Amino acid sequence: MAHYDLLVIGFGKAGKTLAGKLATAGKKVALIEQDASMYGGTCINIGCIPTKTLIVAAENNWDFATAMAQKETVVTRLRGKNQAVLTGTGVDLYNARARFVADKVVEVSAGEDKQELTADNIVINTGAVSNVLPIPGLLETAGVYDSTGIQNLSERPARLGIIGGGNIGLEFASLYAKLGSQVTVFEAAPALLGRDEPEVAKLAQTYLEEDGVSFHLGSAISAVKNSGADVVVTADDQDHHFDAVLYATGRKPATEGLGLETTSIQLTDRGAIQVDDYCETSVPGVYAVGDVNGGLQFTYTSLDDFRVVFGKLTGAYDYKRTDRGQVPSTVFIEPALSRVGLTEAQALAAGYDVLTNSLLVANMPRAHVNNDLRGLYKVVIDKQSQLILGATLFGAGSQEIINLITMAMDNKIPYTYLKNQIFTHPTMAENLNDVFNI
């Protein structure tokens with residue numbers, strides 16, 4: 001039975017970074033990944049990188065085949081780079097399935113070959129998988145895909161149905177509309193983006209509709225089936241015909257098949273692996289990082305989990321999950337919708353005396369240069385402390401600018417600093433002067 005200092009299950013952001021860093025420091029490290037097409041993790045292979053590559057291709061008006069080829073080129077390059085970097089540090093890479101058979105014993109199997117590995121420390125980094133709603137016929141119907149499958153079509157669907165109007169569903173709706181598909185989104189909630197500023201959510205729906213996306217809100221889907229070559233979605237007693245259907249109904253921690261029932265590792269009520277402030281499970285020396293521990297499902301929070309566990313394993317104990325600052329996010333529709341902190345409604349519900357201000361992108365000089373006047377910036381301030389409580393930036397390039405506000409919030413910098421900051425011109429960032437001019 002081989003023994004390691006560190007054994008990582010899953011080639012995700014946190015796990016691969018831990019493996020590489022500790023191997024470089026002279027530790028004996030192994031990483032197990034069951035699918036060679038997932039070397040590098042979700043982000044590189046089926047998440048952020050391929051989808052954003054397709055978005056850029058669509059913005060450049062590339063045809064479907066060219067866009068897909070470019071996506072595959074980028075993903076293949078980065079996947080190979082990740083494998084080379086990891087093995088170059090001396091990590092033993094197992095292309096195999098991993099299953100616990102005891103608290104600190106993992107069975108590795110590849111076909112008929114099986115062996116058991118042990119380690120002083122084990123890190124579970126298996127990510128998340130698509131959540132499947134109990135819709136009759138959903139998984140049995142040809143032409144139905146999850147967010148991975150919809151990225152690998154050989155032909156562009158002329159008619160695409162999307163079940164779920166959350167972040168993933170809207171990103172694919174925007175993307176495929178730009179690629180030329182007729183897109184229809186079915187959303188159970190009465191409105192899109194219910195956790196965002198209402199005026200921004202309404203604008204987002206308007207822009208998506210202008211790009212050719214149609215919506216059925218407050219919609220209840222009772223069945224999915226085939227009729228000839230069509231995929232038929234029955235919603236609110238009406239049949240809707242498509243060439244392909246995407247179900248984008250969230251993602252859940254990937255724990256199935258890990259053999260956790262043979263261990264003392266505890267799960268949360270939502271099926272995630274329960275961890276403490278240092279990402280350690282109920283079994284000492286076993287950690288869970290990234291999506292599988294139930295935190296925010298972002299690559300950059302997975303990287304932050306790496307920082308937490310690396311500090312713990314190297315004896316620093318200088319950073320833990322509760323030290324984590326604000327976490328910004330972006331929905332890559334057109335234009336990009338970015339946010340951090342609280343909305344106005346959330347701030348009021350929390351008891352703050354708030355100041356708010358909004359600025360239309362159409363009033364921004366750089367937007368005229370860019371010939372893209374769509375969007376709105378909105379900020380929320382604590383009147384008493386003058387600290388920024390939250391911001392929503394809906395406009396081209398917002399995914400970059402939101403990070404400036406996040407840094408200000410984490411460092412407790414009053415909004416007046418950004419109000420009076422000297423920015424280069426003409427830029428989108430300089431509009432922080434105006435939106436914070438309250």
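The rules we used
- Residues numbered from 1 in each chain as written.
- Predicted model: local features only at pLDDT ≥ 70, side-chain atom pairs only at ≥ 80, totals over all residues.
- Heavy atoms only, no water.
- UniProt positions renumbered as here; feature names shortened; annotations may be inferred.
- Pairing = 2+ DSSP bridges.
- Helix = DSSP H or I, 4+ residues; strand = E, 2+ residues; numbered from the N terminus.
- Axes fitted to C-alpha atoms, helices over the stretch in contact; angles between N-to-C directions.
- Polar contact = N/O pair within 3.5 Å; in protein donor to acceptor, adjacent residues only side chain to side chain.
- Buried < 20%, exposed > 50% of the residue type's maximum accessible area, 1.4 Å probe, protein only.
- Lys, Arg positive; Asp, Glu negative; His and termini not counted.
- Salt bridge = Lys/Arg side-chain N within 4 Å of Asp/Glu carboxyl O.
- Contact = heavy atoms within 4.5 Å.
- Domains from an automatic or database assignment.
- Buried area = accessible area lost by both parts, 1.4 Å probe.

By the naming in an unreviewed UniProt entry, the protein chain is FAD-containing oxidoreductase, taken from Streptococcus ovuberis. According to UniProt, the comment filed for the protein chain under the heading Sequence similarities (unreviewed entry) is "Belongs to the class-I pyridine nucleotide-disulfide oxidoreductase family."

What to know about the sheet that holds strand E12 (residues 221–227)
The strand order across the open sheet built from 3 strands is E12-E13-E14, with neighbouring strands paired in antiparallel fashion. In this open sheet, the two edge strands, each paired with only one partner strand, are E12 and strand E14 (238–242). Sheet twist, expressed as the mean angle between neighbouring strand axes with direction ignored, is 25°. Across 6 bridges, E12 lies against strand E13 (residues 230–235) in antiparallel orientation.

Considerations on the side chain of Asp 196
Looking at the element boundaries, Asp 196 is found in the loop between strand E10 (182–187) and helix H6 (198–210). At 2.3 Å, the side chain of Asp 196 and the side chain of Arg 339 are in polar contact.

Section: the environment of Gly 397
Within the secondary structure, Gly 397 is located in the loop between strand E22 (388–394) and helix H10 (398–410). A sequence separation of 61 residues divides Gly 397 from Ala 336, and the C-alpha atoms of the two residues are 6.8 Å apart.

Considering the side chain of Glu 187
Looking at the element boundaries, Glu 187 is found in strand E10. The charged side chain of Glu 187 is buried without a salt bridge, its nearest counter-charge being Arg 195 at 10 Å. When neighbours within four sequence positions are excluded, Glu 187 is seen to be in contact with Gly 164, Gly 165, Gly 166, Leu 192, His 216, Leu 217, Gly 218 and Ser 219.

Thoughts on the domain arrangement of the protein chain
Domain boundaries assigned for the protein chain yield domain 1 (2–128 + 251–323), domain 2 (144–247) and domain 3 (328–436). The distance between the C-alpha centroids of domain 1 and domain 3 comes to 33 Å. Contacts between domain 1 and domain 3 engage 5 residues on the former and 4 residues on the latter. Approximately 340 Å² of surface area, both sides summed, lies buried where domain 1 meets domain 3, with 62% of it carried by carbon and sulfur atoms. Applying the counting rule to domain 1 against domain 3 returns 1 residue pair in polar contact (both at pLDDT 80 or more). The leading source of residues in the side of domain 1 that touches domain 3 is helix H3 (residues 48–59), at 3 residues.

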